[in-house]
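Working through the structure, step by step
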Amino acid sequence: MKLSSVCLLMLSTTLMGCGLLSEEVVTKQPVVTLQADKHFDHKLYDLIEQLTQGKQFNYQQETVAFTTLVWIDTLSLKNDQRADSLLGHQISSSLKTELVQRGGKVVEHKSAQAISMSNNASYYLTRKLSELSQNIEVSYVLAGTMLEIKGGVEINIEVIDVETHVVVSSARTFIANEYLPELNSVFLKEGKIYRGQL
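So, how was this worked out
Residues numbered from 1 in each chain as written. Predicted model: local features only at pLDDT ≥ 70, side-chain atom pairs only at ≥ 80, totals over all residues. Heavy atoms only, no water. Helix = DSSP H or I, 4+ residues; strand = E, 2+ residues; numbered from the N terminus. Buried < 20%, exposed > 50% of the residue type's maximum accessible area, 1.4 Å probe, protein only. Contact = heavy atoms within 4.5 Å. Areas by Shrake-Rupley, 256 points an atom, 1.4 Å probe, with all protein chains shown as cover. Expected span 1.5 Å × (residues − 1). Phe/Tyr/Trp six-rings, centres within 6.5 Å; stacked < 30°, edge-to-face > 60°. Core = buried A, V, L, I, M, F, W, Y, C linked by side-chain atoms within 4.5 Å. Lys, Arg positive; Asp, Glu negative; His and termini not counted. Salt bridge = Lys/Arg side-chain N within 4 Å of Asp/Glu carboxyl O. Polar contact = N/O pair within 3.5 Å; in protein donor to acceptor, adjacent residues only side chain to side chain. Patch = residues over 30% accessible without salt bridge, like charges linked within 9 Å, V, L, I, M, F, W, Y side chains within 5 Å. pLDDT = per-residue confidence, 0-100.

Now for the overall build of the chain. The number of helices and strands found in the chain is two helices and ten strands. When the elements of the chain are put in sequence order from the N terminus, they spell out α-β-β-α-β-β-β-β-β-β-β-β. In the chain, which comprises 198 residues, the share counted as buried stands at 30%. When contacts within the chain are restricted to residue pairs at least 6 apart in sequence, those whose partners lie at least 24 apart make up 55%. In the structure as shown, the chain presents an accessible area of about 13,500 Å², 56% of it carried by carbon and sulfur atoms.

The structure is reproduced here in structure tokens:
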């Protein structure tokens, strides 16, 4: 009887220890990610601060459309060799959110003429030219480039007046590699989302 109790106690302790070990691994990964995300968000906030300081950029009265940031050497996102190929989309979307939260009149040029539905979703944004809304009035366009330099990426943003083609506001920042979001290495494990390597 004593031997079975001792074996049961050892088995319980071993299993509890394994549970604690796996929980420690789970809690380590998100802490690093949260610090990087916080730094990345601060860089985006700084960019929008720079852009809204310009007196010629009347973002609360005139409409603004956002484009995807592109790599300066190709002026496109077509280079599949880059691990951070979604970075231009993420920065543009994040800046759009920031400007709307500040009362900016942002126009969504990817809006469709109607809501579309599929078996598992309904959606309103599209990249199909035939589905896009036709009459969109825009005063400004936000465009930008990314330049890969040693240790990270330099981001340059400009707001262009559509009628005059004059740059009415601009901003620049540098984001170190360790603070760039790992957009292409997100995975799901045991119902939790992780970034980085498995």
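With that settled, consider helix H2 (residues 87-101). If you check H2, its first and last C-alpha atoms are 21 Å apart, about what 15 residues at 1.5 Å a residue would give, namely 21 Å. Of the residues flanking the end of H2, it is glycine 103, one or two places downstream, whose phi is positive at about 90°.

The next thing to look at is the packing of aromatic side chains. According to the stated counting rule, one finds two aromatic pairs in the structure shown. For the pair phenylalanine 57 and tyrosine 59, a centre-to-centre distance of 5.5 Å together with 50° between the ring planes defines the contact as tilted. Overall, the relative accessible area of 4% leaves phenylalanine 57 in the buried class. What links up through ring pairs into an aromatic cluster is the set Phe57, Tyr59 and Tyr140.

Time to look at the nonpolar core. Grouped together as the largest cluster of nonpolar side chains are 26 residues, with contacts concentrated most on Phe57, Ile91, Leu95, Met146, Ile155 and Ile157. Only helix H1 (2-53), strand S1 (63-66), H2, strand S6 (140-149), strand S7 (152-161) and strand S8 (167-176) provide two or more residues apiece to this core. Here this core gets five residues from one element, more than from any other, and that element is H1. When sequence neighbours within four positions are dropped, the list of residues in contact with isoleucine 91 reads Phe40, Leu44, Leu69, Met146 and Ile155.

Another aspect to go through is the side chain of aspartate 161. As for its position among the elements, aspartate 161 is in strand S7. This buried residue, aspartate 161, is left without a salt bridge; lysine 105 holds the nearest opposite charge, at 14 Å. Here the side chain of aspartate 161 touches threonine 164 through a polar contact of 3.2 Å, landing on its backbone nitrogen. Here aspartate 161 is in contact with Ser139, Tyr140, Val166 and Val168, once residues within four sequence places are set aside.

A separate point is the pattern of salt bridges. Under the defined criterion, the tally for this structure stands at two salt bridges. Where glutamate 49 meets arginine 102, a salt bridge forms, and the shortest distance between an N and an O atom there is 2.8 Å. With a gap of 53 residues between them, glutamate 49 in helix H1 and arginine 102 in the loop between H2 and strand S3 (105-107) connect regions that are remote in the sequence. Here lysine 96 and glutamate 108 are joined by a salt bridge, their closest N and O atoms 2.6 Å apart. One end of the pair, lysine 96, is in helix H2; the other, glutamate 108, is in the loop between S3 and strand S4 (111-117), with twelve residues separating them in the sequence. Glutamate 108 sits in the partly exposed class, given a relative accessible area of 23%.

Before going further, it helps to spend a moment on a nonpolar patch on the surface. A cluster of nonpolar residues, Ile72, Leu147, Ile149 and Phe174, forms a patch on the protein surface that exposes about 290 Å² of accessible area. Relative to the assigned elements, phenylalanine 174 resides in strand S8.

The next subject is the confidence of the model for the chain. Within the chain, residue pLDDT values average 78, and 69% of them lie at 70 or more. Element-level mean pLDDT values for the chain span from 53 in strand S9 (residues 186-189) up to 96 in S8. Throughout residues 19-31 the model reports pLDDT below 50, and contacts reaching past four residues in sequence, or to other chains, amount to five contacts.

Phi is positive for leucine 75, which is not a glycine, with a value near 50°. With respect to the helices, strands and loops of the structure, leucine 75 is situated in the loop between strand S2 (70-71) and H2. One non-glycine residue with positive phi stands out, namely histidine 165, at about 65°. By relative accessible area, which is 61% here, histidine 165 ends up exposed.

The residue phenylalanine 66 is located in strand S1 in this model. Take phenylalanine 66: its relative accessible area is 1%, and that puts it in the buried class. Considered as a pair, phenylalanine 66 and leucine 95 are 29 residues apart in the sequence and their alpha carbons are 8.5 Å apart.

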